[in-house]
Structure formats: C-alpha cells, structure tokens
Amino acid sequence: MQYRELGGTGLSVSLLGLGTVAFGRTTGLKYAVAPRRPSMRDLTQLLAVAREAGVNLIDTAPAYGDSEQRLGKLLAGHRNDWVLCTKVGETFEAGASRWDFSPEYTRRSVQESLKRLCTDRLDVVLVHSNGDDLDIIRNRGTLQMLAQLKEEGLICAFGMSHKTIAGGLHTAETCDVVMTTLSAAATAELEVVERARARGCGVLVKKSLDSGRAAQGDDLRRQNLQYVACVAGVSSIVIGTTNPAHLLANAAVLD
Ligand SMILES: NC(=O)c1ccc[n+]([C@@H]2O[C@H](COP(=O)([O-])OP(=O)(O)OC[C@H]3O[C@@H](n4cnc5c(N)ncnc54)[C@H](OP(=O)(O)O)[C@@H]3O)[C@@H](O)[C@H]2O)c1
C-alpha cells in the first residue's frame, strides 16, 4: 500500500481509504446497488482485511446511521492503528437528514463522536455540507469552532466535505483538509485539488467510483482509480465498501 502525507497535518494516510456509510445506513443513499446491513462479524472481518492490505484511513460521520457506534466497538484496543475522519453538521434520523452548523451544536457533535468512537481525539473532522458551502463558511461559525476544538486538542485537523467549487476552493485555502468529488468522468473539482496541493492542504477524494456506477465493470473501475491516484495533490481515495473482496480488488489496482 502506498502512503501519502495528508497535506501539512503530519498524518500519513493510505492511498486507499475506507468509507463506512453502509456500516450503519442502508437508506437515503445514492448507491447504484442498495446496500444490505452488515453484521458486526462481517465488519470485524472487513477491518482485518483492510488492515492486512495496509489501509489506515477510515471515514465516518454522525449521518451514517450507527457507523460511529459500531466503529467504536470494532476498533477497541486498535484505535492507534487508524486515522479516523468524521464529520459535523448532518444527522440522519427516521429516514431524513437534519442539518445544524451552529458552533454550539458543532462542539456537542464532536463530543458525541468522541464518545461513540470510544476515543479521546479525532484525527480529522469535516463539515458535512448540505450544499450551502459559502453560507456555512461565511455565516455559521462552524469552521471557527473546529479551529477552537483543534486548539483544545480534541481534533487534529479540520476542513469541509464540500459540494460547490467555491466552497472547495475556500476550504483548500483556509483549512487542513478538503474532501472533494473526483473520478475520470467527474473532473469539475480538479481546480480544488490543485489549489489544495499548492497550499499544502490534504485532499480526500469521495465518489471516485460514482457511488458504485463506475465499479460495475473491472476496466471502468481500474481506469477511474488509476486516474484519481495520478492526480497531483490527492492524499487518499476513500471508497465505500462492506465487501472484503471489493476492498482487496481496489487495493490491488492502487498497488
Ligand atoms: N458529503 C460527504 O461527506 C460524502 C458524500 C459521499 C461520500 N462520502 C465519503 O466518501 C466515501 C465514498 O463515496 P461513496 O461510498 O458514496 O461512493 P464510491 O466509493 O464511489 O462507491 C461505493 C460503492 O461502490 C461499490 N464498490 C466499491 N468497490 C467495488 C468493487 N471493487 N467492485 C464492485 N463494487 C464496488 C460499493 O459496494 P460494496 O459495498 O458492495 O463494495 C458501493 O456501493 C463514502 O463511503 C463516504 O465515506 C462523503
């Protein structure tokens, strides 16, 4: 497995990261194939395979159902083997998303994530944007609260999983980490990666397989992953999976 610096955070992350939406949530997703809920035994096996393959980055969120709670149990005794990324701003309850980007809720969300993940520090915390990136950045005080939580030592790095190019560029210019959408067919956010690279901001890529649509043929999947891996500035490609064989196939392409 290849490892890359996550910008200037001091964290070294595997080129393949593990997305954990389907660890805790099976509805309201844009996946090509609807996921089924994995058992804790399935997930124990998946994490063992991921570690063995050299994956060290896990991406989760309060909006991913009980993904954080399950990870807290699964990582007991192994916390230091992993770089943990979670988010603030969105929750998913009773089949619907709810957003709160206020500083008060941001602090509470981080405290609750720490409890659910059974840890005393979060490596990366990203704002889980609802699409109003610039409003969040300019008016909500979310990033300022994350900066404060970093100073307090509860989190090591912060940024935004953005949805607009303007929001991505601002994140790249002012934060430690940006999470951006990139695949061979979705290149609109390349300028965000370039801005991040120029400033030393870490880049996590989401939806490199177009939420499964670009994973349905081996050649298409390979082309996408090889393309994204070669974009200068990309730190890690976070791919959602609950299938150990799929994880190993993705790792093999990136090796
Ligand atoms: N706003 C946000 O912050 C945000 C939004 C979207 C995503 N994300 C993060 O980015 C991660 C990746 O995005 P994503 O999960 O939406 O999409 P993705 O990684 O592009 O695709 C995931 C889908 O591809 C399938 N897949 C993966 N590897 C495969 C393989 N080798 N062969 C066949 N199918 C394969 C998975 O199914 P199997 O389980 O069957 O492998 C799953 O259905 C997420 O998990 C999440 O951590 C963040």
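The numbering scheme is per chain: residues are counted from 1 as the chain's sequence reads. Confidence filtering applies because this is a predicted model: local features only for residues at pLDDT of at least 70, side-chain atom pairs given and counted only at 80 or more, and all residues used for totals across whole chains, interfaces and linings. In computing side-chain values, all of the structure's heavy atoms are included and hydrogens and water are not.

Enquirer: Help me get a handle on the site of the ligand, residues and values and all.
Expert: Being near a molecule or strand, for a residue, means having at least one of its heavy atoms within 4 Å of it. Looking at the ligand, there are 27 residues lining it, with Tyr31, Asp59, Ser161, Thr241 and His246 nearest. Any pair of N or O atoms that falls within 3.5 Å is considered a polar contact. Within protein, one atom must be able to donate a hydrogen and the other to accept it, and sequence-neighbouring residues count only if both atoms are side-chain atoms. Tyr31 places a polar side-chain atom, nitrogen or oxygen, 2.5 Å from an oxygen atom of the ligand. With respect to the ligand, the backbone of Gly212 contributes an N or O atom lying 3.3 Å from an oxygen atom. Surface accessibility follows the Shrake-Rupley procedure with a 1.4 Å probe radius. Residue values consider only the protein chains on display as shielding. For the ligand, whose accessible area on its own is 890 Å², the fraction buried by protein is 88%. Among the elements of the structure, β12 (236–240) and α10 (244–254) are those that each provide at least two residues to the shell around the ligand. Classifying every residue of the shell around the ligand gives 8 nonpolar, 13 polar and 6 charged. For the purposes of this entry, the term helix denotes a DSSP run of H or I that reaches at least four residues, the term strand denotes a run of E that reaches at least two, and both are numbered from the N terminus. Any residue that is not Ala, Val, Leu, Ile, Met, Phe, Trp, Tyr, Cys, Pro, Asp, Glu, Lys or Arg is counted as polar, Gly included; the first ten are nonpolar and the last four charged.

Enquirer: Help me get a handle on the packing of aromatic side chains, residues and values and all.
Expert: Stacked, edge-to-face and tilted are the three classes for Phe, Tyr and Trp ring pairs, Trp counted by its six-membered ring, which pair at centre distances within 6.5 Å; planes under 30 degrees apart are stacked, over 60 edge-to-face, the rest tilted. Following the criterion strictly, the structure yields 0 aromatic pairs and no others. The ring of Phe92 is capped by Arg25, whose NZ or CZ atom sits 3.5 Å from the centre of that ring. By the criterion adopted, a ring carries a charge over it if an Arg CZ or a Lys NZ lies within 6 Å of its centre and within 35 degrees of its normal. The ring centre of Tyr105 lies 5.9 Å from the NZ or CZ of Arg98, which sits over that ring.

Enquirer: So what's going on with the environment of Gly141? Which residues, and what values?
Expert: Within the fold, Gly141 resides in the loop between α5 (133–140) and α6 (142–151). Linking Gly141 and Gly17, residues 124 residues apart in sequence, is a C-alpha distance of 29 Å. Residue contacts follow a heavy-atom distance rule, with two residues in contact if any of their heavy atoms lie within 4.5 Å. Sequence-distant contacts of Gly141, that is, excluding residues within four places in its chain, are made with Pro103 and Ile136.

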